[in-house]
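Below, each chain spelled out in residue letters.
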Amino acid sequence: MDARLLRSFLAIAEEGSLTRAAERLYVSQPALTKQVKHLEALVGVPLFTRSRTGMELTAAGHALAEHAPAVLEANDEAVRAAKAAAKVVRVGFIASAANEATQEIIALFNRKRPGWRVDMRQATWSDPSAGLAGGEVDVALLRLPFPGQERFRVQALFAEPRCVALAATHPLAQRDSVAFADLRDEPFVAAPAETGEWRDYWLAVDHRDTPPRIGAVTDQPDEWLQAIANGYGVALAPESTARFYARPGVVYRPVTGISPSQVAVAWAPGANAVVQDFVAAAVTGSRAAL
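Residues numbered from 1 in each chain as written. Predicted model: local features only at pLDDT ≥ 70, side-chain atom pairs only at ≥ 80, totals over all residues. Heavy atoms only, no water.

Participant: Tell me about the overall build of the protein, and name the residues and values.
Facilitator: For the protein, the helix and strand inventory stands at 9 helices and 13 strands. Taken over the C-alpha trace, the protein has a radius of gyration of 21 Å; the compact-globule value for 290 residues is 19 Å, and the two agree within 12%. Projected onto its principal axes, the C-alpha positions of the protein cover 65 × 55 × 25 Å. Each of the 290 residues in the protein was classed as buried or not, and the buried ones make up 49%. (Helix = DSSP H or I, 4+ residues; strand = E, 2+ residues; numbered from the N terminus. Rg over C-alpha atoms; globule rule 2.2 N^0.38 Å. Buried < 20%, exposed > 50% of the residue type's maximum accessible area, 1.4 Å probe, protein only.)

See below:
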C-alpha cells in the first residue's frame, strides 16, 4: 500500500473535510478524492461517508485510522534506516534554497558527517513545505510562511527584501524602484490556490484592500518566468531571484511598502542526530554567508 494514500486518508480523517485536507497536503480536491477512491478500492470497503458537513469515518475507516499511524511510522523508520545505511540525508528546497549560503551549509554538514551525502530535492511551488508535509524529505530549506508550519520545528535563517518581476516592456520597468501601491491593480502570476497562505504571502494580500487580480497560475520557475515575460502578470519575489533567475524579457525592481522574505530551515519534531547536525550547519552557514 502506498504510504502517500495512508497519509492522505489520515489528513482527511483528522480534518473532517476534503477542502481542509487538500490545503494541508497541497493537492487539489479532485486529486485527493481520487486517492480516497483508490485506497477504498485497495482495502475493499468504504472508509468515509460524505455529507454536507464533511467527511465522516465509517466503522472500517475508524479501524484503519487506528492502525495507520503505526504503519506509517514503521514505513518511515524503514526509510530512515535505509538512508542511514546509505549515509544520505534528504533535503527539500524551494527555488534557490538558502541562496549563496547553500554550499557553505552543505560543506559544514559534510565536515560534521564525513561520508554522508546531501540529496537536494527541489519542490514545485505547489508544495511550499518542500516535501516535509508528505515525508519525502528529512529537512527543508524554504520560505516562510508555509501552510502547516506549526506541525514542524522551524528556525529562521535570514531575511531579504522582496522585489517585483516585470516584463521588460512593462511601464513600471523603467523605474529604479516600485511602490507596492502602484502594483495593487496589476494582474499577478500566482502559485496554485491550494498553497493557501503561502500564495497569499507572495500576493501580499495583507497589504491590500481588495482581492488581487490573477493573470496566470504556475508552480515552477520556468513557467513563472515565461508567464511574466509574456506580460500575463507581474510577481513578487525574493531579491535574490534577480541573481538566480535572470532571463531576457524579465526585469526585477526593488519594491517599497511590503515586508521582507524569510528563509528558514524546517524539520519534523523528534528528528534524529543527523538532521540536527544539518540544522546546526544551516544556522552557522547562513550566518557566515551574510
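Participant: Just give me the short version of a nonpolar patch on the surface, but keep the residues and values in it.
Facilitator: A cluster of nonpolar side chains, M1, L42, V43 and V45, forms an exposed patch at the surface whose accessible area comes to about 350 Å². With respect to the helices, strands and loops of the structure, V43 is situated in helix α3 (residues 29–43). Given a relative accessible area of 34%, V43 falls into the partly exposed group. (Patch = residues over 30% accessible without salt bridge, like charges linked within 9 Å, V, L, I, M, F, W, Y side chains within 5 Å. Areas by Shrake-Rupley, 256 points an atom, 1.4 Å probe, with all protein chains shown as cover. Salt bridge = Lys/Arg side-chain N within 4 Å of Asp/Glu carboxyl O.)

Participant: Any details on α3? Residues and values, ideally.
Facilitator: Because an α-helix packs 3.6 residues into every turn, residues spaced three or four apart end up facing the same way. Given a rise of 1.5 Å per residue, 15 residues ought to cover 21 Å, and the 21 Å separating the end C-alpha atoms of α3 matches this to within 8%. Taken residue by residue, α3 has L32, Q35, V36, L39 and E40 as its buried positions. Axial view of α3: buried residues confined to an arc of 135°, hence all on one face. For α3, the exposed residues lying more than 90 degrees away from the buried face are P30, K34, K37 and A41. Looking at the buried residues of α3, the elements they touch are α1 (3–15), α2 (18–25), β1 (48–51) and α4 (59–86). Positive backbone phi, at 95°, marks G44, one or two positions downstream of α3. (Expected span 1.5 Å × (residues − 1). Arc of directions from axis to C-beta. Contact = heavy atoms within 4.5 Å.)

Participant: A description of the sheet that holds strand β4 (residues 117–123) should follow, citing residues and the corresponding values.
Facilitator: Paired through their backbone hydrogen bonds, the strands of a sheet run either parallel or antiparallel. Pairing is mixed in the open sheet, where 5 strands are placed in the order β4-β3-β5-β13-β6. The sheet terminates laterally at β4 and β6 (153–160), the two strands that pair on one side only. Pairwise comparison of adjacent strand axes, ignoring direction, gives a mean angle of 25° for this sheet. Note that strand β3 (residues 88–94) and strand β5 (residues 139–144) share 3 bridges and pair parallel. Residue pairing across strands places F93 opposite L141, the latter belonging to β5. (Pairing = 2+ DSSP bridges. Axes fitted to C-alpha atoms, helices over the stretch in contact; angles between N-to-C directions.)

Participant: Can you break down the nonpolar core residue by residue, with the values?
Facilitator: Counting 49 residues, the largest nonpolar core has L142, L183, W224 and L236 as the members making the most contacts within it. Among the elements of the structure, β5, β7 (162–167), β9 (187–190), α6 (197–202), α7 (221–229), β11 (235–238), β12 (250–256) and β13 (261–267) are those that each provide at least two residues to this core. Contacts of L142, omitting those with residues within four sequence positions, involve I94, P128, S129, A130, Q262, V263, A264 and A266. Among the nonpolar cores identified, the runner-up in size contains 25 residues, and I105, L108, W116 and W267 belong to it. (Core = buried A, V, L, I, M, F, W, Y, C linked by side-chain atoms within 4.5 Å.)

Participant: Any chance you could break down the packing of aromatic side chains for me, citing the residues and the numbers?
Facilitator: Evaluation of the coordinates by the stated rule reveals 6 aromatic pairs. With a centroid separation of 6.2 Å and 40° between ring planes, the pair formed by F146 and F152 is classed as tilted. We classify F152 as buried; its relative accessible area is 13%. Within the aromatic cluster, the residues linked to one another by ring pairs are W198, Y201 and W202. In this structure, R162 is placed above the aromatic ring of Y201, and the distance from its NZ or CZ to the ring centre is 3.9 Å. It is R208 that lies over the ring of F188; its NZ or CZ is 4.7 Å from the centre. (Phe/Tyr/Trp six-rings, centres within 6.5 Å; stacked < 30°, edge-to-face > 60°. Lys NZ or Arg CZ within 6 Å of the ring centre and 35° of its normal.)

Participant: Please set out a negative patch on the surface residue by residue, giving values where relevant.
Facilitator: Together, E150, E197, D200 and D206 make up a negatively charged patch on the protein surface. As for its position among the elements, D206 is in the loop between α6 and β10 (213–217). (Lys, Arg positive; Asp, Glu negative; His and termini not counted. Charge placed at Lys NZ, Arg CZ, Asp CG, Glu CD.)

Participant: Which residues make up the sheet that holds strand β8 (residues 178–179), and what are the values?
Facilitator: An order of β8-β12-β7-β11 is seen for the 4 strands of this open sheet, with the pairing classed as mixed. Each edge of the sheet is formed by a strand with only one pairing partner; in this case those strands are β8 and β11. By the bridge criterion, 2 bridges tie β8 to β12 in an arrangement that is parallel. Each residue of the ladder has a partner; that of V178, found in β12, is V255.

Participant: Describe in detail the packing of α1 against α3, supporting the description with residues and values.
Facilitator: Two elements in contact, α1 and α3, have axes whose closest approach is 9 Å; the angle formed by their N-to-C orientations is 110°. One element, α1, and the other, α3, form an angle in the roughly perpendicular class. With respect to the hand of their crossing, α1 and α3 are arranged in left-handed fashion. Residue-level contacts link R4, L5, S8, F9 and I12 of α1 to L32, Q35, V36, H38, L39 and L42 of α3. Of the residues in the contact of α1 with α3, the class split is 7 nonpolar, 3 polar and 1 charged. (Parallel < 35°, antiparallel > 145°, perpendicular 65-115°, else oblique. Left-handed = near helix turned anticlockwise from the far one by under 90°. Nonpolar A, V, L, I, M, F, W, Y, C, P; charged D, E, K, R; others polar.)

Participant: Can you break down unusual backbone geometry residue by residue, with the values?
Facilitator: L144 connects to P145 through a cis peptide bond whose omega is -5°. Note on placement: P145 falls in the loop between β5 and β6. Unlike most non-glycine residues, N99 shows phi in positive territory, near 55°. Summarising the element assignment, N99 is placed in the loop between β3 and α5 (101–112).

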